[in-house]
Amino acid sequence: MRAPGSRTSLLIACLVLATGTVRRGYAQDASEPVLIQLDLGRLAGRTVYAIRQDDDVLLPLSDFFDLSEIQYKFAVPGVVEAVLQPGDVQLRIDAGSDSLILGRHRVGIPANATRTRDGEVFFSAALLGSLLNIRFTIDWSDLSVTVADPEHLPLGRRIAREAARSSLAASENGVRPDLALTLDRHHLGGLVLDYSLLSPTNNVINGGAYSAALGMDVLGGSLGLGVASESNIGEGRTRTDFSWNGVWRQNKWVSQLRLGDGISTGPRPRTLRGFSISNSPFQRPALVGDVPYAGRLGPGWQVEAYRGGRLVAFDSADALGRFSIDVPIQYGENPVDFVAYGPFGEIREFNQTYRVVGEVLPRNQFEYGVAAGQCRSDACQSSANLDLRYGISRRWTLQAGVDQFWRRQATDLFHPYFSVAGAVANSWLVQFGVVANAVVRQALSYEPSTDLRISTEYNHFADNVVSPILTPGGRREQWTTEAFFRPISRFSSLYFDGSLDLIRNETGNNTSARAALSFQVAEIRMLPSVRFQRNAITSGPTSNQTFLGLNTFILPRANLGRFMSQVSARTTLETQGNLNVVSASAYLARPIGNGLRVETGLGWSRGMGTMFTLVFSTTLNTVRAYSTVQSGPTGTEAVNYVQGSVLYNPERRQVALSAGPSLQRAGVAGHVFLDSNGNGLKDIGEELLPGVRVRIGNISSMSDSQGQYRVWDQLPYEPVLVVVDSMTLASPLWTPSYSAISVELGPNQFRMIDLPIAPAGVIEGRVLRDAPTGPVGQAGITLFITNRRTGARQAVVTFSDGDFYLMGVKPGEYDITVPESVTTRLGVKATPLRFTMRASREGETVSGLEITLTHRP
Amino acid sequence: MKYLKTWAIAPLLAVALLSWPSPARAQLLATGIRNLSFGLVIPGVMTTVAPSDPVRSGQYEIQAALGTRLRLDFTLPTQLTGPSGASMPLNFQNNDALLIETGPGAVSQNQNPKSMKPYTMLYGNRLLLFLGGSVTPAANQATGAYANTVSLTVTII
């Protein structure tokens, strides 16, 4: 939006141009009072007295401003003062003056551009159009004056807002599945294999490493068996992992059970071999709940909340000018842009944000987690933990529990803990936690908008613990502060961020600070920074080091020719003390085909010398591979790394490849077919449809020449929607038999779902109404077309001649009825009509359907 | 009606502080998976792709060890470039980034791609990052294919 000042200047420029035109038009003055119809497009209109002035018309300002919803008043008879929005631009028109005042400017107007009569001020439509950036159409043949583009007026903006709100209300229902497939638990099913291999070319045995993991669906859960080299292949040490995970998403008390290797529950996760049990969801829904965004505007104001450019809520200020909008919020950042509209078209814009940290639970939700088992690291022999969480309100969550470690070489550790996390209003985030024998943590964050964020966190560590596990050894205190500030919202790439870290150890104190600026000009982004490091050792000297750095990112420039226009670059430079260069590097990168990318460059650092690097990265649907060549003072080394998955589908006896990792993921596969007989099943001979897009969760796939589609990397256990993109169907008469299918997938396997496409047809007919001269077509009659088997209903409205036409009617038997509300209003009765839509590849047409409305006796 | 064929290319990865990935030594692996694609756009009509869009959103994948704290930093272009040097404004909204881990208990999180907050791997070793955006072609926008590159830098902190 332009600043008010610039808008005023533009208006004045337009006005001067218009004034010149009007002056020429008024050279032969002849005025007469007329009665005209004043219309603001199709939005509003009224009949008013006006004054004809040659081809122009002088409009009564009070009527025009009333219709347009522009705030105005008569300062004295013959003088109108109005406020133009947006920007609060003051307008003063004095019928007895040769100028008007617009904002801070006085603008000359022709003497006969204004008139006054009975206190009313009449003003030239041509000049008014220039002032308000609208266009008047004057038709003297039917005495009408019409604003062709009323959307620029407050009235037009208000009606557009109301339309958007109606649209919001209509869209809140979202896509609803008309078929739900619950989890199909198998005794044994599915098979996936994840693999990765690192192989240096000069020493595969002593430098290489591998991993492989097998996944299956066993008893409805995910069984995983893994083996990996713990260090280099040559050392022969391997690590094996096995686990079984079961998920029961509807069970209130036990929703997850893991046996074998895995991660503990609670806020300080660690790997252990044993079990874990929990009632927390396998994947937590993103939506936390509704949180009020409140503020103060003024009585009569309306405010709309937008997220991602989409209207999500709206409200009106109360008598005291306060507003409060409940906005559905999700985990993470919730920036909301507000647009407030005053009663006279004023517009204000501002934003607020609300951050939900991962520890917070929805209100009244209770979750627990228990885990115990053998430690998978040398730090402890075995470990257990209990974690309890409860959402006490929509902003606050309490958490408590205990972590226990049993050790051989040191005393056992017992850590009961308690924490609380939440928000004070929307801008302040508070976290406080105590872990006995470990740490007391306090964190505070202030984030009033997307342009400012300040957070600070203080940790006080216990000093009586030998070989601590949950905290860094020897650490006593740590205070970390981070800040982000964007001075001008419009320039999103310009911002400052910085951090300050104060650490007190047993052996001394460390201080590190960093301040950085980010700005971007066209394709070049630069991040200059300064870094300070201070190490004070109790028994030794203190060192202070200051570094200056500059990182740049250069996006491809279109004007550099065909090859170079796809090249991006990044550079780094860091100096110390008196601008002594410590390290520098420059790399160029370019895609060289579908999924293939090359990056090459030089890096230099003090003490290490110059290193040349060449990297080929390949990212395909089937495999992921990286080849690196590095050459420097110590020699040349090439390393290859490959990662992928093999997926076996026992139902089809097919093997597929994926870039992976695929363990504990799931997929959907099947055919898209034309359901010629309408039974919903893929029968022999039914046509398979290629080139149809199927959307599953957050991934999509096109069906191949055999009508097969396949999507992998879906979340198991949780429902995902399967939707056929009807825009990709070959015939506009075809329609998916199911608008959406909700499906729960088992782990490590494909679920087979064939998707029927109904060869729908067309119905044609008309609605007649008895009249003295015989039956006549009845316009605007709503008809319901109801499937007799499924109850699915469509509506159609008759045209002006009483005819109706509806495409996309799926095969089946239907009733056509006139809603009772219509027959009651018209005082008629109508006999329902029945028809059958047969399945036909080319689309069946049922015509001649006729409904007669007869008067009720 | 005139259509423009446009797309934006997301998958450019830049990985800092990387000890080259291996099952034993890997610290970080970042990969561009899917382009942010606006498809056909109509002159004068803004086209928006949400980060949750299953077809058109950009997608990155990051693999890092459990407990790793990451700084995610986008370098975002402000326009797409097309035939004969024509350009089309490209904009990213405050919640056009979506992060989700693949491990049990994970929760998807909205983020602002213009000021990403540090992220800690809490539910496993695999993080998916989705990116949305919007283009605003002018009413007289030249017909053709438009493209640009988005860069993501992932740093262990």
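Residues numbered from 1 in each chain as written. Chains lettered and ligands numbered in written order. Predicted model: local features only at pLDDT ≥ 70, side-chain atom pairs only at ≥ 80, totals over all residues.

With that settled, consider the overall build of chain B. Assigned secondary structure in chain B consists of zero helices and 17 strands. The buried share of chain B, taken over its 157 residues, is 59%. Across chain B, every contact between residues at least 6 apart in sequence was considered, and the portion connecting residues at least 24 apart equals 74%. (Helix = DSSP H or I, 4+ residues; strand = E, 2+ residues; numbered from the N terminus. Buried ≥ 20, exposed ≤ 12 C-beta atoms within 10 Å, placed from the backbone. Contact = placed C-beta atoms within 7 Å.)

What follows deals with the overall build of chain A. Regarding its fold elements, chain A presents seven helices and 65 strands. For a compact globule of 857 residues, the expected C-alpha radius of gyration is about 29 Å, and chain A comes in at 36 Å, more than 25% above that figure. For chain A, the spread of C-alpha atoms along the three principal axes comes to 105 × 80 × 60 Å. Across the 857 residues that make up chain A, the buried fraction comes to 33%. Restricting the contact set of chain A to residue pairs at least 6 apart, pairs at least 24 apart contribute 52%. (Rg over C-alpha atoms; globule rule 2.2 N^0.38 Å.)

Another point: helix α3 (residues 125–132) of chain A. Residues and elements named next belong to chain A. Within α3, seven of the eight residues are buried, which leaves the element mostly enclosed by the surrounding structure. Among the residues of α3, those classed as buried are Ala125, Ala126, Leu127, Leu128, Ser130, Leu131 and Leu132. Just downstream of α3 lies asparagine 133, where phi reads positive at about 60°.

This brings us to the confidence of the model for chain B. Residues and elements named next belong to chain B. Per-residue pLDDT for chain B has a mean of 78; in total, 83% of the residues score no lower than 70. Within chain B, no element has a lower average pLDDT than strand β2 (residues 9–15), which sits at 37, and none a higher one than strand β14 (residues 126–131), at 92. Counted against residues more than four places away or in other chains, residues 1–25, with its pLDDT under 50, gives 95 contacts. (pLDDT = per-residue confidence, 0-100.)

It is worth spelling out the nonpolar core at this point. Counting 48 residues, the largest nonpolar core has Ala30, Ile62, Leu99, Leu129, Leu152 and Val154 of chain B as its most contacted members. Beyond its immediate sequence surroundings of up to four residues, isoleucine 62 of chain B is in contact with Ala30, Leu70, Leu127, Leu129 and Val154 of chain B. Tyr709, Val724, Val767 and Leu806 of chain A belong to the second-largest nonpolar core, a separate cluster that totals 47 residues. (Core = buried A, V, L, I, M, F, W, Y, C linked by C-beta atoms within 7 Å.)

To continue, consider the sheet that holds strand β5 (residues 47–49) of chain B. Paired through their backbone hydrogen bonds, the strands of a sheet run either parallel or antiparallel. Residue and element names in this part refer to chain B. Across the sheet, which stays open at both edges, the four strands sit in the order β5-β15-β9-β8 with antiparallel pairing between neighbours. For this open sheet the edge positions go to β5 and β8 (79–81), each flanked by a neighbour on one side alone. Across the sheet, the mean angle from the axis of one strand to that of its neighbour is 25°, orientation sign disregarded. In this sheet, strand β9 (residues 87–91) lies alongside β8 in antiparallel orientation, the contact comprising three bridges. Residue pairing for β9: leucine 80 is matched across the bridge by methionine 88. (Pairing = 2+ DSSP bridges. Axes fitted to C-alpha atoms, helices over the stretch in contact; angles between N-to-C directions.)

On to the sheet that holds strand β60 (residues 793–797) of chain A, then. Residues and elements named next belong to chain A. Taken together, the four strands give an open sheet; going across it, the order is β60-β59-β62-β64, and neighbouring strands pair in antiparallel fashion. Pairing within the sheet leaves two strands with one partner each, and these edge strands are β60 and β64 (833–837). Across this sheet, the average inter-strand angle for adjacent strands is 25°, counted without regard to direction. Of the strand pairs in this sheet, strand β62 (residues 812–817) and β64 are connected by five bridges, and their pairing is antiparallel. Bridge pairing links glycine 812 to methionine 837 in β64.

This paragraph deals with the interface of chain B and chain A. Between chain B and chain A, the contact holds 44 residues from the first and 54 residues from the second. Elements represented by at least two residues in the side of chain B that touches chain A include exactly β2, β3 (28–34), β11 (106–107), β12 (109–111), β14 and β17 (149–156) of chain B. Residues that form the side of chain B that touches chain A fall into these classes: 17 nonpolar, 23 polar and four charged. Two strands pair when backbone bridges link them, and strand β20 (residues 283–284) of chain A and β11 of chain B are joined in this way by two bridges, in the parallel orientation. Bridge pairing in β11 of chain B places arginine 284 of chain A opposite valine 107 of chain B. (Nonpolar A, V, L, I, M, F, W, Y, C, P; charged D, E, K, R; others polar.)

This part is about the pairing of β60 of chain A. Residues and elements named next belong to chain A. Little of β60 sits out of view: just zero of its five residues are buried. Direction of pairing for strand β59 (residues 782–787) relative to β60: antiparallel, over a ladder of five bridges. In the strand pairing of β60, phenylalanine 784 is matched with alanine 795. The turn linking β59 back onto β60 is made up of five residues, and glycine 791 within it adopts a positive phi angle of 80°.

Outside of glycine, negative phi angles account for most residues, and trans bonds account for most peptide bonds. With a phi angle near 55°, aspartate 54 of chain A is a residue other than glycine that sits in the positive phi range. Within the secondary structure, aspartate 54 of chain A sits in the loop between β2 (44–53) and β3 (56–60).

When pLDDT is averaged across chain A, the result is 87; 95% of the residues are at 70 or more. Of the regions scoring below 50 in pLDDT, residues 1–28 of chain A engages in 44 contacts with residues more than four places distant in sequence or in other chains.

Residues and elements named next belong to chain A. Inspection of the secondary structure assignment puts arginine 841 in the loop between β64 and β65 (845–855). Here arginine 841 falls in the exposed class, since 12 other C-beta atoms lie within 10 Å of it. The spacing of arginine 841 and proline 857 is 16 residues in sequence and 46 Å in space, taken between C-alpha atoms. Sequence-distant contacts of arginine 841, that is, excluding residues within four places in its chain, are made with Leu674, Ser676 and Pro759.

Turning to the environment of serine 264 of chain A, a few remarks are in order. Residue and element names in this part refer to chain A. When you line up the elements, serine 264 lands in the loop between β18 (256–263) and β19 (271–278). Exposure remark for serine 264: the 23 C-beta atoms within 10 Å place this residue in the buried category. Along the chain, serine 264 and glycine 369 lie 105 residues apart, while their C-alpha atoms are 8.5 Å from each other. With near-sequence residues (within four places) excluded, serine 264 lies in contact with Pro269, Arg270, Leu272, Ser276, Ala371, Ser383 and Asn385.

This brings us to the pairing of β65 of chain A. Residue and element names in this part refer to chain A. Across seven bridges, strand β57 (residues 761–769) lies against β65 in parallel orientation. Residue valine 762 lies in a different strand from β65, and its bridge partner there is threonine 845. Pairing geometry for strand β63 (residues 828–830) and β65, over three bridges, is antiparallel. Within β65, the position partnered with lysine 829 by the bridge is threonine 854.

Residue and element names in this part refer to chain A. Turning to helix α2 (residues 61–68), its buried residues number three or more, namely Leu61, Phe64, Phe65, Leu67 and Ser68. Projected down its long axis, α2 shows its buried positions confined to an angular sector of 160°, all on one face. Just downstream of α2 lies glutamate 69, where phi reads positive at about 65°. (Arc of directions from axis to C-beta.)

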